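# Observations on the model geometry
What follows is the residue order along each chain.
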Amino acid sequence: MPRTAKEIADFVQARLVGDGAVQLTGISSISSASHGDLVFVEDEKNLTKAIASSASAIIVPESTRADPSSKPLLLHAQPRLAFARAAQLLCALPDRKPGIHPSSIVHPSAQLAADVTIGQRVVIGESVKVGDRTWIGAGSVIGGNAVIGQSCEIYPNVTIYPNVRIGNRVIVHSGAVLGSDGFGYVRDEKTGRNEKFPQIGRLEIEDDVEIGANSTIDRGALDVTRIGRGTKIDNLVHVGHNVQIGEDVVIAAQTGLSGSAVIENNVVMGGQVGIADHVKIEAGAILGAQSGIPSKKIIRGKGVVFWGTPARPIREYLKELGALARLAKKE
Amino acid sequence: MPRTAKEIADFVQARLVGDGAVQLTGISSISSASHGDLVFVEDEKNLTKAIASSASAIIVPESTRADPSSKPLLLHAQPRLAFARAAQLLCALPDRKPGIHPSSIVHPSAQLAADVTIGQRVVIGESVKVGDRTWIGAGSVIGGNAVIGQSCEIYPNVTIYPNVRIGNRVIVHSGAVLGSDGFGYVRDEKTGRNEKFPQIGRLEIEDDVEIGANSTIDRGALDVTRIGRGTKIDNLVHVGHNVQIGEDVVIAAQTGLSGSAVIENNVVMGGQVGIADHVKIEAGAILGAQSGIPSKKIIRGKGVVFWGTPARPIREYLKELGALARLAKKE
Amino acid sequence: MPRTAKEIADFVQARLVGDGAVQLTGISSISSASHGDLVFVEDEKNLTKAIASSASAIIVPESTRADPSSKPLLLHAQPRLAFARAAQLLCALPDRKPGIHPSSIVHPSAQLAADVTIGQRVVIGESVKVGDRTWIGAGSVIGGNAVIGQSCEIYPNVTIYPNVRIGNRVIVHSGAVLGSDGFGYVRDEKTGRNEKFPQIGRLEIEDDVEIGANSTIDRGALDVTRIGRGTKIDNLVHVGHNVQIGEDVVIAAQTGLSGSAVIENNVVMGGQVGIADHVKIEAGAILGAQSGIPSKKIIRGKGVVFWGTPARPIREYLKELGALARLAKKE
């Protein structure tokens, strides 16, 4: 579906300089651009490369001194964002025809909206509800009473335990497990053995959340585990029972959140971060990769980067690293 | 299935104070309790909240000065344990009718006990044995010659490689992979290439083990990987080939155990702990989250907490952290 | 399939001392050897044990003073390597008869070589190509346009996203997810919300790669993620979008590589290593377990071991640890 540079500029609300009739057929990086591709640059130093490439149009920062002679330029305050939005028009959508594949096994009591796409060998349990335009990929298993909203994408081989509630436009990648039992036991002091503490709570995932491949999110023990609107979770992340994650939180791969942790809005976590139980990370804090927060700590500081185990402000951490290196050299 | 407070008190061997005829219909946390719920408190300060809640009965510590005027109290030396046991009577069991779903594919040589529950699309290989009352959830694949004991719960989309042996009352959560090849190669010094070392050993999982979602446990290279009775393993944990784990060990999420590690009884590991190859953790040691044990080390000390990488007694580790912070401040 | 000691010696190019007619029927460790087993020793101190065992033949270092009186000895410069190769003759291959299981769902446009083995309930998408002798285990899902080479082993419940390209003799263990979306968002500075950056690139996996259970490898955002020939990846490893991994790289369990990292040939990584975005690890470097490499760093040093976060040469790191311990003691 080719689009003109003018159409794209209008769609992303960019100011167009140059030939608006140029046809665009796709997006690409500068280094692999070919005829018909739209590319973007965030700083001037890449602009020369972009102009020299085979790309047919370029999204550039608003401040760019536009030269109308060569390729059409689309000036925008946030070029990367404009590029991401342009991709919605220029990239082919996956070909998912609505319908229920005959090899899937849908419980008669399940309520599927008219235009869902249910892939091969999907299993859908009793009383499950699935909203409009949602896709469930091959081999996924949806437990009884689960509710999945509209326009969700559940990739193949996902497992959703019973009673999980998922909002709209949620993306769940393959192998993810949602709503599994939390890790809770009671040690009998007489026998030394661990007995299972009941794990009968719920998991609620709000709108616009994305969950990476093979991540695991436990439901609450007695109450609820909650993932707030717009939160993005990478691959192989663990979220324990009763964790409360706010809105627009970003959690990189292999990070683990222990039971009852509270993560407020707009927190950013690097990869392999470890959050112990009952920790609170206040709004807007940034946790560097591999940092560790001990049990019950509160991390406070919008925009402040924390690093190390136990995590401290990165400034302090780097100062300590420097002092230690000098000490070792002196010896 | 409502129960009276008296029935629950008898079942968990608690001393009842108050009206034993009160009907109980479920369990809950204090904060979300409603009429009919049983709750528990472990310290006096929560007792007022519990009494003020809508809960119909409360499990309390033995030492509580019981006031028979309000709600029935169940006095017990271990309230949390009594609560976990009461849940067995008060929580509805999952509705799993014995039977083999017609969409499952069971090899004719497999021996399934009369009252197993085999879910949709399960694949069961040659000569597999499955014991009484065991449930295998939708989409799970059980390799040839595997043996699964009685009263096990194998959640959906689990993969069990051939020849794995699993005891009784074992719980395996979705996405777990049991019996995969260990990570063993031999580098040919002439070519620099890595060739596969044979991974033909076994995996044995004893009674009452629980394994979290998406955890992976490799079988032995030539011999056996063993997970001892009562051991509890959280999500996304890795257990390498030839690892020997004792009884009643607790391993939190994302911890990794390299090949041939030996973990003795009653060891407790926090999340994201890293155990290198041929390490030995002696009985009862406690490894703090994210701690790391280098190759071939022995960790000794029942009840001692170790922390850091390389792990040392937490007292030492905290002292070092303090000394470093002071050094950095002085500079 | 019994073999004589002579046949094995010829196959692995070892020098035979002793009775070449001895029949071998399997391989084992020394401690569990029984009659008919081949074992190996790498140092003299295990030789006595091996001779005293029930094993029927022993692979030993070339320098061994061979005593022809007892068991047949196979002298080789790399005993472990010779043993691994001997296993190819002495271990039974898995019984995988070529054919397409009738419960699998293969798109009519897919091109499967004549002697592939497609297991139960496999789903193969549009235009997929699968090469000679490749096995795809039960429950695996292969997305449209994926290409899988010859003699590959795809274990049960693997998910391969569309367009992934896999070379020859590649092994993928259960639960692995190949080609998932990278973790890329653009924050709209006006709304504070994260929008999805397009993840439309490719994943290419070259010959002789092995990928562990439940590992996840994202495809490129706009370009390609590449795993070079002979690279071995353990369980629960994360590889982000646009990562470039060279040849013969070894990556232990739970290691994570962030977007656009470059790992050159023959790098070795311990478990739980964290590689931030745009890092470069030059050829032959060795990263100790749990070490962390901050964003955009370059690690250089063939054969040098790095440790800690941020990773530094192990010598330095150990010196710093020692200095810190002494400082804490002095206080």
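Being a predicted model, the structure only gives us computed values, none of them experimental.

## Some words on the overall build of chain A
Of the regular secondary structure elements, chain A holds 4 helices and 41 strands. Each of the three principal axes of chain A carries a C-alpha extent, and together these read 85 × 75 × 30 Å. Restricting to contacts in chain A with at least 6 residues of sequence separation, those with at least 24 account for 17%. Only carbon and sulfur atoms are counted for the fraction: they give 51% of the accessible area of chain A, which is about 13,000 Å². Placing the 36 positive and 34 negative side-chain charges of chain A at their respective mean positions leaves the two points 5 Å apart.

## Let's talk about the relation of the copies chain A and chain B
When chain A is fitted onto chain B, the two copies agree to an RMSD of 0.0 Å after a turn of 120° and an axial shift of 0.0 Å. Those values place the two copies in the arrangement expected of a three-fold rotation axis. Taken as a fraction of all interface residues of chain A, those also at the interface in chain B reach only 17%, which identifies the copy contact as different-surface.

## Some remarks on unusual backbone geometry
Look at the link from A:T309 to A:P310: it is a cis peptide, with omega at -5°. Even without being a glycine, A:H278 presents a positive backbone phi close to 60°. Mapped onto the elements, A:H278 comes out in the loop between β35 (274–275) and β36 (280–281). Despite not being glycine, B:Q290 has its phi angle at roughly 70°, a positive value.

## A few points about the packing of helix α1 (residues 5–12) of chain C against helix α3 (residues 79–90) of chain C
All names here are of chain C. Viewed as axis vectors pointing N to C, α1 and α3 meet at an angle of 125°, and their least axial separation amounts to 9 Å. Compared by their axis directions, α1 and α3 come out oblique. When you trace α1 past α3, the crossing you get is right-handed. Of α3, the residues touching α1 (which contributes I8, F11 and V12) are A82, R85, A86, Q88, L89 and L90.

## What about the domain arrangement of chain A?
Here chain A is partitioned into domain 1 (3–90) and domain 2 (99–315). Using C-alpha coordinates to define each centre, domain 1 of chain A is positioned 37 Å away from domain 2 of chain A.

## A closer look at the interface of chain A and chain C
Taken together, the contacts link 53 residues of chain A with 58 residues of chain C. Overall, the association of chain A and chain C removes approximately 4,200 Å² of surface from exposure, summing both partners, and the carbon and sulfur fraction of that is 57%. Where chain A touches chain C, the interface holds 4 salt bridges. When the shortest N-O distance is used, the salt bridge between A:R85 and C:E195 registers 2.5 Å. Taken together, chain A and chain C are joined by 30 residue pairs in polar contact (both at pLDDT 80 or more).

## Some thoughts on the interface of chain A and chain B
Taken together, the contact pairs 58 residues of chain A with 53 residues of chain B. Summing both sides of the interface, chain A and chain B together bury roughly 4,200 Å²; the carbon and sulfur share of this comes to 57%. Along the contact surface separating chain A from chain B lie 4 salt bridges. One salt bridge connects A:K196 with B:E210, and the closest N-O pair in it is separated by 2.7 Å. Summed over the shared surface of chain A and chain B, the result is 30 residue pairs in polar contact (both at pLDDT 80 or more). Only β21 (177–180), β22 (185–187), β23 (194–196), β26 (216–218) and α4 (314–330) of chain A provide two or more residues apiece to the side of chain A that touches chain B.

## Quick word on the relation of the copies chain A and chain C
Rotating chain A by 120° about the axis while translating it 0.0 Å along that axis superimposes it on chain C, leaving an RMSD of 0.0 Å. A distinct binding surface is used by each copy, with only 19% of the interface residues of chain A retained as interface residues in chain C.

## What about the packing of aromatic side chains?
Pairs of aromatic rings are described using the distance from one ring centre to the other and the angle between the two planes. All told, the structure shown has 21 aromatic pairs over all chains when counted by the stated rule. Seen in terms of ring centroids, B:F183 and B:Y185 are 5.2 Å apart; in terms of plane orientation they differ by 85°. Their pairing is edge-to-face. Since its relative accessible area comes to 15%, B:Y185 is described here as buried. Geometrically, the ring pair formed by B:F197 and C:F83 is tilted, given 5.6 Å between the ring centres and 35° between the ring planes. Here B:F197 is found in the loop between β23 (194–196) and β24 (202–205), whereas its partner C:F83 is found in helix α3 on a different chain. Each member of the pair, B:F197 as well as C:F83, is classed as buried. Among the aromatic side chains, those forming a connected cluster through ring pairs are A:F40, A:F83 and C:F197.

## Side note on the pattern of salt bridges
Tallying each qualifying case throughout the model produces 60 salt bridges over all chains. One salt bridge in this structure joins C:D188 and A:R85, with 2.9 Å as the shortest N-O distance. Remark: A:R85 occurs in helix α3 (residues 79–90) and C:D188 occurs in the loop between β22 (185–187) and β23 (194–196); the pair is interchain, linking two chains. When its relative accessible area of 5% is taken as the criterion, C:D188 is described as buried. Classification of A:R85 as partly exposed rests on a relative accessible area of 22%.

## Side note on the side chain of A:S28
When you line up the elements, A:S28 lands in the loop between β4 (26–27) and β5 (37–40). Here the side chain of A:S28 touches A:A33 through a polar contact of 3.5 Å, landing on its backbone nitrogen. Within the local environment of A:S28, its side chain forms a polar contact with the side chain of A:D37, the two groups lying 3.3 Å apart. Every residue in contact with A:S28, bar those within four places of it in the chain, is listed here: A:A33, A:D37, A:L38, A:V39, A:F83 and C:L222.

## Some remarks on the sheet that holds strand β12 (residues 123–124) of chain A
Residue and element names in this part refer to chain A. Strand order in the open sheet formed by 10 strands is β9-β12-β15-β18-β21-β26-β29-β32-β35-β38, and the pairing between neighbours is parallel. This sheet does not close on itself; its edge strands, each paired only once, are β9 (105–106) and β38 (292–293). Sheet topology places β21 next to β26; 3 bridges connect them, and they run parallel. In the strand pairing of β26, L178 is matched with I217.

## Structural notes on the pairing of strand β7 (residues 73–76) of chain A
Residues and elements named next belong to chain A. Both faces of β7 are covered, namely the face carrying L73 and L75 and the face carrying L74 and H76. By the bridge criterion, 3 bridges tie strand β2 (residues 15–17) to β7 in an arrangement that is antiparallel. Pairing of L16 across the sheet is with L74, part of β7. For strand β6 (residues 57–61) and β7, the ladder comprises 4 bridges, and the chain directions are parallel. Across the sheet, P61 pairs through a bridge with H76, a residue of β7.

## Observations regarding the sheet that holds strand β2 (residues 15–17) of chain C
Residue and element names in this part refer to chain C. Reading across from one edge, β2-β7-β6-β5-β4 is the order of the 5 strands in this open sheet, with mixed pairing throughout. Among the strands making up the open sheet, the edge pair consists of β2 and β4 (26–27). Bridge count between β4 and strand β5 (residues 37–40): 2 bridges; the pairing is parallel. Bridge pairing links I27 to L38 in β5. Sheet contacts for α1: β2, β5 and β7 (73–76); angle to β7, the most-contacted strand, approximately 5°.

## Thoughts on helix α3 (residues 79–90) of chain B
All names here are of chain B. Spanning 12 residues, α3 covers 16 Å between terminal C-alpha atoms, matching the ideal 16 Å at 1.5 Å per step. Taking burial as the measure, the 12 residues of α3 include 9 buried ones, the bulk of the element. Turning to α3, its buried residues number three or more, namely P79, L81, A82, F83, A84, A86, A87, L89 and L90.

## Looking at the environment of A:V273
When you line up the elements, A:V273 lands in the loop between β34 (268–269) and β35. Linking A:V273 and A:A252, residues 21 residues apart in sequence, is a C-alpha distance of 8.3 Å. Those residues in contact with A:V273 that lie beyond four places of it in its chain are A:Q254, A:T255, A:G256, A:L287, A:G288, A:A289, A:Q290, A:S291, B:Q272 and B:Q290.

## Section: the environment of C:R3
Residue and element names in this part refer to chain C. Residue placement: R3 occurs in strand β1 (residues 3–4). Residues R3 and R85, spaced 82 residues apart in sequence, show a C-alpha to C-alpha distance of 14 Å. Non-local contacts of R3, meaning those with residues more than four positions away in its chain, are made with I8, V22, Q23, L24, L89 and L90.

## Some details on the side chain of B:E282
On the secondary structure map, B:E282 appears in the loop between β36 (280–281) and β37 (286–287). When residues no more than four places from it in sequence are discounted, the contact partners of B:E282 are B:E264, B:V267, B:I298, B:I299 and B:R300.

## Observations concerning helix α1 (residues 5–12) of chain B
Residue and element names in this part refer to chain B. Buried within α1 we find A5, I8, A9 and V12. Projected onto a plane normal to the axis of α1, the buried residues spread over an arc of 100° and lie on a single side. Where α1 is buried, its residues meet β1 (3–4), β2 (15–17), β3 (23–24), β5 (37–40), β7 (73–76) and α3. Among the residues trailing α1, Q13 stands out with phi positive, at a value near 60°.

Parameters at a glance
Residues numbered from 1 in each chain as written. Chains lettered and ligands numbered in written order. Predicted model: local features only at pLDDT ≥ 70, side-chain atom pairs only at ≥ 80, totals over all residues. Heavy atoms only, no water. Helix = DSSP H or I, 4+ residues; strand = E, 2+ residues; numbered from the N terminus. Contact = heavy atoms within 4.5 Å. Areas by Shrake-Rupley, 256 points an atom, 1.4 Å probe, with all protein chains shown as cover. Lys, Arg positive; Asp, Glu negative; His and termini not counted. Charge placed at Lys NZ, Arg CZ, Asp CG, Glu CD. Least-squares fit on C-alpha atoms with pLDDT ≥ 70 in both. Axes fitted to C-alpha atoms, helices over the stretch in contact; angles between N-to-C directions. Parallel < 35°, antiparallel > 145°, perpendicular 65-115°, else oblique. Left-handed = near helix turned anticlockwise from the far one by under 90°. Domains from an automatic or database assignment. Buried area = accessible area lost by both parts, 1.4 Å probe. Salt bridge = Lys/Arg side-chain N within 4 Å of Asp/Glu carboxyl O. Polar contact = N/O pair within 3.5 Å; in protein donor to acceptor, adjacent residues only side chain to side chain. Phe/Tyr/Trp six-rings, centres within 6.5 Å; stacked < 30°, edge-to-face > 60°. Buried < 20%, exposed > 50% of the residue type's maximum accessible area, 1.4 Å probe, protein only. Pairing = 2+ DSSP bridges. Expected span 1.5 Å × (residues − 1). Arc of directions from axis to C-beta.

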